[in-house]
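# Descriptive structure summary
Spelled out from the first residue to the last, the chains are:
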Amino acid sequence: MSKNTVLTLVGSLRAGSTNQQLAEAIQLNAPENVEVLIHDSLGNIPFYNEDIDVEGQVPAAAAALRAAANTADTLLLVTPEHNGTVPASLKNAIDWLSRPFGAGALSGKPTAVVGTAFGQFGGVWAQDEARKAAGIAGARILDTVKLAVPGSMVRFAEIHPKDDAEVVEQIKAVFEALDESRAVSAA
């Protein structure tokens, strides 16, 4: 039985990011039949510009992102909240994955959004914006997959999310929801 591949894009570029740590915790808690791949920094991808999105001229970092998304079974966006919305790095990745129009790597791709943020709601505004942007770009948004961890800077000041029992249980629920959505898609 082949593993389901979940490509994970982390919207934070900061070293030691709590969202990067959350992605690592997700990777560590993946069931045996799931391989979670955390894509390298989105910071190396230039801002989307149609002038450079030309066959044979696509920047290597953007081409690598597209290739990884094309081979993944599911996309998982892990986002902080920047000024009440999704970070530019993650929105830029969504833009690159949306092209070519109607046939981009996001087209029909099951996509879930999770994250953590300093605020009391755990970045739900950013998560909603990421779902909206990815959905408009053609992704099949998995609305039942939810994880928003509030108070990240305090909560994870001395503990990694992988060592937070409540977060680990929430991660297990994320994988259950992903599994359920795969079953519905297969039916």
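This structure is a prediction, so every number in the text was calculated from the model and none was measured. (Residues numbered from 1 in each chain as written. Predicted model: local features only at pLDDT ≥ 70, side-chain atom pairs only at ≥ 80, totals over all residues. Heavy atoms only, no water.)

Attention now goes to the packing of helix α3 (residues 88-97) against helix α4 (residues 124-136). Closest axis-to-axis distance for the α3/α4 pair is 9 Å, and the angle between their directions is 15 degrees. Taken together, the axis directions place α3 and α4 in an arrangement best described as roughly parallel. The interaxial crossing formed by α3 with α4 has right-handed handedness. Between α3, through Leu90, Lys91 and Ile94, and α4, the contact on the second element is made entirely by Ala130, Ala133 and Ala134. (Axes fitted to C-alpha atoms, helices over the stretch in contact; angles between N-to-C directions. Helix = DSSP H or I, 4+ residues; strand = E, 2+ residues; numbered from the N terminus. Parallel < 35°, antiparallel > 145°, perpendicular 65-115°, else oblique. Left-handed = near helix turned anticlockwise from the far one by under 90°. Contact = heavy atoms within 4.5 Å.)

With that settled, consider α4. In a regular helix each residue adds 1.5 Å, so 13 residues correspond to 18 Å; α4 covers 18 Å between its end C-alpha atoms and thus fits that length. The secondary structure elements touched by the buried residues of α4 are β3 (74-78), α3, β4 (110-116), β5 (140-141) and β6 (148-149). Just beyond α4, the residue with positive phi is Gly138, at close to 115 degrees. (Expected span 1.5 Å × (residues − 1).)

Attention shifts here to the confidence of the model for the protein. In this model, the protein carries a mean pLDDT of 94, and residues with pLDDT of at least 70 account for 98%. At the low end of the mean pLDDT range in the protein sits helix α6 (residues 165-186), at 87; at the high end sits α3, at 98. (pLDDT = per-residue confidence, 0-100.)

In this section: the pattern of salt bridges. Close approach of charged atoms allows side chains with opposite charge to pair. Taken as a whole and assessed by the stated rule, the structure comprises eight salt bridges. For Arg155, the salt bridge goes to Glu166, with nearest N and O atoms at 2.9 Å. On the criterion of sequence distance, the pair formed by Arg155 in helix α5 (residues 152-155) and Glu166 in helix α6 is long-range, its members being 11 residues apart. For Arg155, a relative accessible area of 25% corresponds to the partly exposed category. Look at the salt bridges and you will find they share partners, linking Arg155, Asp164 and Glu166 into a network. (Salt bridge = Lys/Arg side-chain N within 4 Å of Asp/Glu carboxyl O. Buried < 20%, exposed > 50% of the residue type's maximum accessible area, 1.4 Å probe, protein only.)

The next subject is the packing of aromatic side chains. All chains considered together, the criterion is met by one aromatic pair. Ring geometry for Tyr48 against Trp96: centres 4.8 Å apart, planes inclined by 75 degrees, an arrangement best described as edge-to-face. Here the residue Tyr48 occupies a position in the loop between β2 (34-38) and α2 (60-71), and Trp96 occupies one in helix α3, the gap between them amounting to 48 residues. Look at Tyr48 and you get partly exposed, because its relative accessible area is 21%. Taking relative accessible area as the criterion, Trp96 reaches 0% and is therefore assigned buried. (Phe/Tyr/Trp six-rings, centres within 6.5 Å; stacked < 30°, edge-to-face > 60°.)

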